[in-house]
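The residues making up each chain are set out below.
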Amino acid sequence: MVDRRGFLSSFAGLAGTAGALNLAREWPALFEQEAPELPDAALYASDEEAYWGQLRKQFLIPADEVYLNNGTVGSSPMPVLRAIFDGYNETEKMAQKDPEDYPIWGYASWNEFRDPVAAFVGCNRDEFALLRNATEANSYIANGLDMKPGEEVLMTDQEHPGGEHPWNLKAKRYGIVVKKVTLPKPVPNAAAVLNLFNDAITPRTRVVFFSHIPTVTGVVLPAKELCALARSKGILSAVDGAHVPGMMKLNLHELGCDMYSSSPHKWLQAPKGSGFLFVRDEVIDRLWNTIATEGWNDTKIRAERFQRIGSSNVPALWGLRAAVQLANEIGMERIEKRHRQMADYILKEMVKRDAESWTSPDPALRCAIAAVNVPPIQIGEIENWMWKNKKIRIRGGAPSKIRLSTPYYLLRKDVNRFLAAFDEYQTAKNESPRT
Ligand SMILES: Cc1ncc(COP(=O)(O)O)c(C=O)c1O
């Protein structure tokens, strides 16, 4: 056992220079002690940047690394990691009081996990199933709806493969038709998106499927209005919300969608392999199970039947619950404000550097992801250069798009480091002899 001071200093070591080896050595001690304290609310009032700097210490990302790719995967902070290990610690002794409660998990209501997460995203436990990620939940949606050959699903041209391909599979297997609207880059306003969808709906459209925040540009689509449009025409709405929980405030009942999938490992910093599917109560009985075990046909258990997937990783749910608790403690309002400030800052600075913005000019249609187009820079080349030379993680898309994610734990000095590195890269490129 180390004392609290010892723990804090070992944690500081981890946050600083930790590699996997260091971590392995310190790990047991970490879990015998309390986590580093969260910053005081008074600090936020006096110095916001210092407040986020304190929170940054909850993350294992080394202090000399700049992580601008939270949009692909988040980093779970200490309270989440500790909860996962507490979960294992509690369960793997196989000493549960109830002889039926050893880890055969996969057949339970899991209300102790469903309730806080459902409350966090504004729905009821009975409409909410804990799954492993958005891809799984999207597959549940596409696979579970009855559709006849020739009937259409309408989506955008910016869906993630984990959102689009479940429908492509259904098209190949059952002859449904996948139709797409092409989103402008950037999306100028909500009306442009609504018009695109409205014009593409036909008498055969059965489902409107779209990412609340598409991975390509990070635009925040007008989800509430799109769902209302679908509903007004008797069409089901299914929303891929992989990026939303933890990035922005979310209330599924207010949103008015029929189905919603998510991967809180991104912006809620929850464990990898913890996701969810929301199905509106009136729609639950129209959705078939994809995975079937005991309970698949029990309509009384409502959305719980979708989470009956066999043996599962329950300690990940401990971590998911802790991630919700942390976000609530910090406050989603505060987190969302920080996300917007940092993304706006990085975007403004990139535009000053002649980057073409693919981020919506409408503040309502953007949050914590800024996308810019920077030809003739090649994304693969700059990604590698940034990581190898500067320990900065960025991600983008071919040929020249850079997608910059700004989670709350990213500090202003980190953004400035990236900007300086970008300038250096540009200068080096301009000076190198052209071939
Ligand atoms: C919009 C969207 N949907 C789905 C996914 C897939 O997420 P997962 O791999 O967690 O299922 C992603 C991942 O980047 C995404 O951006």
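Predicted model only: the values in this text are computed from it and were never measured.

Calculation criteria
Residues numbered from 1 in each chain as written. Predicted model: local features only at pLDDT ≥ 70, side-chain atom pairs only at ≥ 80, totals over all residues. Heavy atoms only, no water. Helix = DSSP H or I, 4+ residues; strand = E, 2+ residues; numbered from the N terminus. Rg over C-alpha atoms; globule rule 2.2 N^0.38 Å. Buried < 20%, exposed > 50% of the residue type's maximum accessible area, 1.4 Å probe, protein only. Contact = heavy atoms within 4.5 Å. Near = heavy atom within 4 Å. Polar contact = N/O pair within 3.5 Å; in protein donor to acceptor, adjacent residues only side chain to side chain. Areas by Shrake-Rupley, 256 points an atom, 1.4 Å probe, with all protein chains shown as cover. Nonpolar A, V, L, I, M, F, W, Y, C, P; charged D, E, K, R; others polar. Pairing = 2+ DSSP bridges. Axes fitted to C-alpha atoms, helices over the stretch in contact; angles between N-to-C directions. Right-handed = clockwise from strand over helix to strand, strands pointing away. Phe/Tyr/Trp six-rings, centres within 6.5 Å; stacked < 30°, edge-to-face > 60°. Core = buried A, V, L, I, M, F, W, Y, C linked by side-chain atoms within 4.5 Å. Expected span 1.5 Å × (residues − 1). Disulfide = S-S within 2.5 Å.

## Some points on the overall build of the protein
Move 1: Of the regular secondary structure elements, the protein holds 16 helices and 13 strands.
Move 2: For the protein, the C-alpha radius of gyration of 23 Å lies close to 22 Å, the compact-globule estimate for 435 residues.
Move 3: Along the first, second and third principal axes, the C-alpha atoms of the protein reach 65 × 55 × 45 Å.
Move 4: Across the 435 residues that make up the protein, the buried fraction comes to 55%.
Move 5: Long-range contacts, defined here as pairs at least 24 residues apart, represent 72% of the contacts in the protein between residues at least 6 apart.

## Re the site of the ligand
Move 1: Close contacts around the ligand come from 13 residues, with Thr135, Asp240, Ser263, His265 and Lys266 the closest.
Move 2: Within the backbone of Ala134, a nitrogen or oxygen atom sits 3.4 Å from an oxygen atom of the ligand.
Move 3: For the ligand, an oxygen atom lies 2.8 Å from a polar atom in the side chain of His243.
Move 4: Calculation on the ligand without its partners gives an accessible area of 390 Å², and the protein chains cover 87% of this total.
Move 5: Residue composition of the shell around the ligand, by class: 3 nonpolar, 8 polar and 2 charged.

## What about the sheet that holds strand β10 (residues 369–373)?
Move 1: Taking strand neighbours across the sheet as the criterion, the 4 strands line up as β9-β10-β13-β12 in an open arrangement whose pairing is antiparallel. What marks the edges here is a single partner per strand, and that holds for β9 (356–357) and β12 (395–397).
Move 2: This element, helix α14 (residues 332–352), spans β9, β10 and β13 (401–405) of the sheet and lies at about 15° to β10.

## Let's talk about the pairing of strand β6 (residues 236–240)
Move 1: Within β6, 5 of the 5 residues are buried, which leaves the element mostly enclosed by the surrounding structure.
Move 2: Residues of β6 alternate between two faces, with Leu236, Ala238 and Asp240 on one and Ser237 and Val239 on the opposite face, all of them buried.
Move 3: Across 5 bridges, the pairing between strand β5 (residues 205–211) and β6 is parallel. Note that in β6 the partner of Ser211 across the bridge is Asp240.
Move 4: Between β5 and its parallel partner β6, the chain crosses via helix α10 (residues 223–232), and the hand of that crossover is right-handed.
Move 5: The pairing of β6 with strand β7 (residues 259–262) spans 3 bridges and is parallel. Looking at β7, one finds that Ala238 is bridged to Met259.

## Notes on the packing of aromatic side chains
Move 1: Per the counting criterion, the structure on display carries 13 aromatic pairs.
Move 2: With a centroid separation of 5.4 Å and an interplanar angle of 45°, the aromatic rings of Trp52 and Tyr408 are classed as tilted. With Trp52 in helix α4 (residues 48–56) and Tyr408 in the loop between β13 and α16 (412–431), this pair connects stretches of sequence that are 356 residues apart. No difference in accessibility class separates Trp52 from Tyr408, as the two residues are buried.
Move 3: Aromatic side chains Phe197 and Phe210 sit 6.1 Å apart centroid to centroid with 70° between the ring planes, which places their arrangement in the edge-to-face category. Note that Phe197 is positioned in helix α9 (residues 190–200) and Phe210 in strand β5, a separation of 13 residues in sequence. Both residues of the pair, Phe197 and Phe210, count as buried.

## What to know about the sheet that holds β6
Move 1: Spatially, β2-β8-β7-β6-β5-β3-β4 is the arrangement adopted by the 7 strands of the open sheet, whose pairing is mixed. Two strands close off the open sheet at either side, each with one partner strand: β2 (128–131) and β4 (177–181). Ignoring strand direction, the axes of neighbouring strands in this sheet form an average angle of 20°.
Move 2: Packing against the sheet, helix α7 (residues 134–144) makes contact with β2, β5, β6, β7 and β8 (275–279), and its axis sits at approximately 155° to β7.

## So, the nonpolar core
Move 1: Ranked by internal contacts, the top residues of the largest apolar core, which has 76 residues, are Trp52, Phe197, Phe210, Leu252, Tyr260 and Tyr408.
Move 2: Per element, the largest residue contribution to this core is 10 residues, and it comes from helix α13 (residues 314–330).
Move 3: Filtering out sequence-adjacent residues up to four positions away, Phe210 remains in contact with Thr156, Glu159, Phe197, Leu221, Ala223, Leu226, Cys227, Ala238, Val239 and Asp240.
Move 4: Formed by 27 residues, the second largest nonpolar core is a distinct cluster that contains Met342, Tyr345, Trp385 and Leu410.

## Here we look at α14
Move 1: The end-to-end C-alpha separation of α14 is 30 Å, in line with the 30 Å expected for 21 residues at 1.5 Å each.
Move 2: Just downstream of α14, Asp354 is the residue with a positive phi angle, here 70°.

## Topic: the state of the cysteines
Move 1: Under the counting rule described, the total for this entry stands at 0 disulfides.
Move 2: Left without a disulfide partner, Cys123 is nearest to the cysteine sulfur of Cys257, which lies 8.9 Å away.
Move 3: The exposure class of Cys123 is buried, given its relative accessible area of 8%.
Move 4: Unpaired in terms of disulfides, Cys257 finds its nearest cysteine sulfur in Cys227, a separation of 5.2 Å.

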